[in-house]
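# Notes for the structure review
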Amino acid sequence: MFTCNNIYLLSFTYYLKYILIFNIIIIPLIYLYINFVKIIKKKIKINKSYLKTKIKPLYYVITIVVLSLILHNMLNNSHNICYINATPNIYQEYRKSFYFLEGKDIDKELKNNYLENILTNKSNSTLSKLVYKEVNIIIENDNEEETQEANEKKEEVIEDNFLHETDTNIQNSVYVIDGVFYYPTYIYGNNNTYSGMFCPSNPEAEGFNNSYGYNNYFYTRLQRFIDDARQNGYTITMSTQGCRRYSTQSYYYSTMDSGRAAAPGHSLHGFGIASDLEFYQSDGSVCPYYRNDANCPSMGWAHSNAYKYGLAFPLLNASYKEDWHVEPINKNKY
Ligand SMILES: [Zn+2]
């Protein structure tokens, strides 16, 4: 089987494929447009001499189309996985992973197999654990037969690399590279870019590490944050609504004061990377709505320590102050 587990060969194939498709479909359309649509619009009389001037370029067009078709058909066969799978999705995924792994100290065969799986559109869920482990990225490991030594190593890795998570697999439109959470740029009319469109209905069955629908890496940070708060004697809880659906956000938006809730499709709650926290007093009561860092110490601790857990409270100084709303500290749109 012919393969192209090589970024240069894949790039070449990818562009070649689209050039051929362009030649076969777009060039004839351009020819038709220039020579005939314009004529119809301008009502130019078609006579023999006029047609003659158009015949020569037609030969070129036909030659290009026929040659492109022949080449396309030769390449587009089931043995040539490289050409067949050179789709925008696979190409982008391969590129992203290739450059991410480039120069990293990682077993060559593992790296090749990982890239090969992307190329052949096979699942990388098992290999990605090994790959991320090799590049010292935190991953949950559910293999219970690990040796003690390996466990210790893993713990070291978590300590060293906490806040440098990398997982290019998309979860609810979000992926993470070196601790930065990437979510889609909102494009009006394109539902796929809206938040709250892909909330899991059964998070744990759908690969989430929590039953609320929070992004796995955001949840891990939140959980550590809340655990450490407890170690320090403070009680904080996270909202059980880990992923807010588009319809719910629309409801909030239409029923709350203007400026209070994000416009539908924009809220980070819908990507599972925001949470509304509840802060408690030492007697177990909830801190009242009118509160501050001094009279609600658990909130005071949260606001001053969040950054250590890769978290931020971006709405502390907003016109509608939300001292409970927490997000990842590093995030970006893609
Ligand atoms: Zn919120």
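Residues numbered from 1 in each chain as written. Predicted model: local features only at pLDDT ≥ 70, side-chain atom pairs only at ≥ 80, totals over all residues. Heavy atoms only, no water.

### Some details on the coordination of the zinc ion
Formally: Donor atoms are limited to N, O and S found within 2.8 Å of the metal ion, a distance that becomes 3.2 Å for Na, K and Ca. With water left out, some sites might look partial. Each helix is a run of DSSP H or I of at least 4 residues and each strand a run of E of at least 2, with the numbering of both proceeding from the N terminus. Only protein chains enter the calculation, and the probe is 1.4 Å; a residue is then buried if its accessible area is under 20% of its type maximum, exposed if over 50%, and partly exposed in between.
H269 (NE2), D276 (OD) and H325 (ND1) make up the full set of protein donors to the zinc ion, lying at 2.0 to 2.2 Å. Sequence spacing of the donor residues for the zinc ion, all on one chain, is H-x6-D-x48-H. Taken together, the positions of H269 in the loop between α9 (246-255) and β5 (275-279) and H325 in strand β7 (residues 325-328) put the pair 56 residues apart, joining distant regions of the chain. Assigned by exposure class, H269 and H325 land together as buried.

### Observations regarding the packing of aromatic side chains
The criterion, for reference: Aromatic pairs are defined between Phe, Tyr and Trp rings, using the six-membered ring for Trp, whenever the two ring centres lie within 6.5 Å; interplanar angles under 30 degrees are classed as stacked, those over 60 as edge-to-face, and all others as tilted. The criterion is that NZ of a Lys, or CZ of an Arg, lies within 6 Å of the ring centre and within 35 degrees of the ring normal, and then a charge sits over that ring.
Summed over all chains, the structure comprises 21 aromatic pairs. Considering the side-chain rings of Y289 and Y290, the 5.1 Å spacing of their centres and the 90 degrees angle between planes classify their relative orientation as edge-to-face. Members of the aromatic cluster, joined through ring pairs, are Y14, Y15, Y18 and Y91. Lying over the aromatic face of Y83, K17 brings its terminal NZ or CZ to 5.4 Å of the ring centre. It is K96 that lies over the ring of Y175; its NZ or CZ is 4.3 Å from the centre.

### Let's talk about the layout of surface pockets
Which entries qualify depends on this criterion: Cavities and pockets are found on a 1 Å grid laid over the protein atoms alone: a cavity is a set of points where a 1.4 Å probe fits but cannot escape, a pocket is an open set with protein on both sides within 12 Å along at least five of seven lines, and a lining residue has an atom within 4 Å of such a point. Grid points are joined across faces, edges and corners, and a volume is the space filled by probe spheres set on the points. Lys, Arg, Asp and Glu make up the charged group, whereas Ala, Val, Leu, Ile, Met, Phe, Trp, Tyr, Cys and Pro make up the nonpolar group; the residues left over, Gly among them, are polar.
Estimated volume of the second largest pocket: approximately 390 Å³. Lining the second largest pocket are 20 residues, with R260, A261, A262, L315 and E322 positioned closest to its centre. Secondary structure elements with two or more residues in the lining of the second largest pocket: α9 and β7. Broken down by class, the residue content of the lining of the second largest pocket amounts to nine nonpolar, six polar and five charged.

### Quick word on the state of the cysteines
Two cysteines joined by a covalent bond between their sulfur atoms form a disulfide. To be explicit about the condition: Working definition: a disulfide is two cysteine sulfur atoms within 2.5 Å of each other.
Following the criterion strictly, the structure yields two disulfides and no others. The disulfide bridge from C287 ends at C296, spanning 2.1 Å between sulfur atoms. Disulfide C287-C296: torsion about the S-S bond near 85 degrees, hence right-handed. Summarising the burial analysis for this pair, C287 and C296 share the class buried.

### Details of the sheet that holds strand β1 (residues 167-171)
Applicable threshold: Only when DSSP finds a minimum of two bridges between them are two strands counted as paired. Fitted lines through C-alpha atoms give the axes, limited to the stretch in contact for helices. The angle between two N-to-C directions lies from 0 to 180 degrees. Working rule for contacts: check all heavy atoms of both residues, and any pair within 4.5 Å makes them a contact.
Reading across the sheet, the four strands line up as β1-β2-β3-β8 and stay open at both edges, with mixed pairing between neighbours. The two strands at the open ends of the sheet, each matched to only one other strand, are β1 and β8 (331-333). Strand-to-strand twist in this sheet, taken as the mean axis angle between neighbours without regard to direction, amounts to 25 degrees. Here β1 pairs with strand β2 (residues 174-177) via two bridges, running antiparallel. Pairing of D167 across the sheet is with V176, part of β2. Seen against the sheet, helix α8 (residues 216-231) touches β1, β2 and β3 (180-183) and runs at an angle of roughly 140 degrees to β3.

### Some remarks on the nonpolar core
The condition that has to hold: Here, the term nonpolar core denotes a set of buried Ala, Val, Leu, Ile, Met, Phe, Trp, Tyr and Cys residues that are joined through side-chain atoms within 4.5 Å. The start and end points of each domain follow an automatic or database-based domain assignment.
By size, the foremost hydrophobic cluster in this structure holds 32 residues, and its most contacted members are F225, L277 and F279. The dominant element in this core, judged by the number of residues it contributes, is α8, at seven residues. When residues are assigned to domains, this core turns out to be shared by domain 2 (88-194) and domain 3 (216-333), each giving three or more. Once you skip the residues sitting within four places of it in the chain, F225 turns out to touch L277, W301, A302, N305, A306, Y309, L311 and F313. If you look at the next biggest cluster of nonpolar residues, it comprises 19 residues, including I7, C82, F100 and L119.

### Focus on unusual backbone geometry
Negative phi characterises most residues that are not glycine, and trans characterises most peptide bonds. Positive phi is not limited to glycine here, since N172 has a value of about 50 degrees. Tracing the chain through its elements places N172 in the loop between β1 and β2. Exposure remark for N172: the relative accessible area of 9% places this residue in the buried category. The backbone of S173 shows a phi angle near 70 degrees, a positive value even though the residue is not glycine. Mapped onto the elements, S173 comes out in the loop between β1 and β2. Among the residues examined, S173 registers a relative accessible area of 7% and is labelled buried.

### A look at a nonpolar patch on the surface
Spelled out, the test is: Two distance rules govern patches: like charges are joined within 9 Å, and nonpolar side chains (Val, Leu, Ile, Met, Phe, Trp, Tyr) within 5 Å, applied only to residues with over 30% relative accessible area and no salt bridge. In these tables, accessible area is a Shrake-Rupley quantity obtained with a 1.4 Å probe, and a residue counts as shielded only by the protein chains included in the view. Each salt bridge in this description consists of a side-chain nitrogen of Lys or Arg and a carboxyl oxygen of Asp or Glu lying within 4 Å of one another.
On the surface, F22, I25, I26, L29, I30, L32, Y33, I34 and V37 cluster together into a nonpolar patch covering about 770 Å² of accessible area. As for its placement among the helices and strands, L32 is situated in helix α1 (residues 7-42).

### With respect to the environment of S285
Put simply, the test is: Polar contact is the term for a pair of N or O atoms within 3.5 Å; when the atoms are in protein, one must be able to donate a hydrogen and the other to accept it, and sequence-neighboring residues count only if both atoms are side-chain atoms.
Among the structural elements, S285 can be located in the loop between β5 and α10 (297-305). On the basis of relative accessible area, S285 is assigned to the partly exposed category, the value being 32%. Along the primary structure S285 and T235 are separated by 50 residues, whereas in three dimensions their C-alpha atoms are 9.8 Å apart. In this structure the side chain of S285 is engaged in a polar contact, spanning 2.7 Å, whose partner is the side chain of D283.

### Thoughts on the sheet that holds strand β4 (residues 236-238)
Sheets are built from strands that pair by backbone hydrogen bonding, the pairs being arranged parallel or antiparallel. Strands sit in the order β4-β5-β7-β6 across an open sheet of four strands; the sheet is antiparallel. Either end of the sheet is taken by a strand with one partner, and the two such strands are β4 and β6 (311-312). Relative to β7, β6 is paired through two bridges, and the arrangement is antiparallel. Opposite L311, over in β7, you have P328 as the bridge partner.

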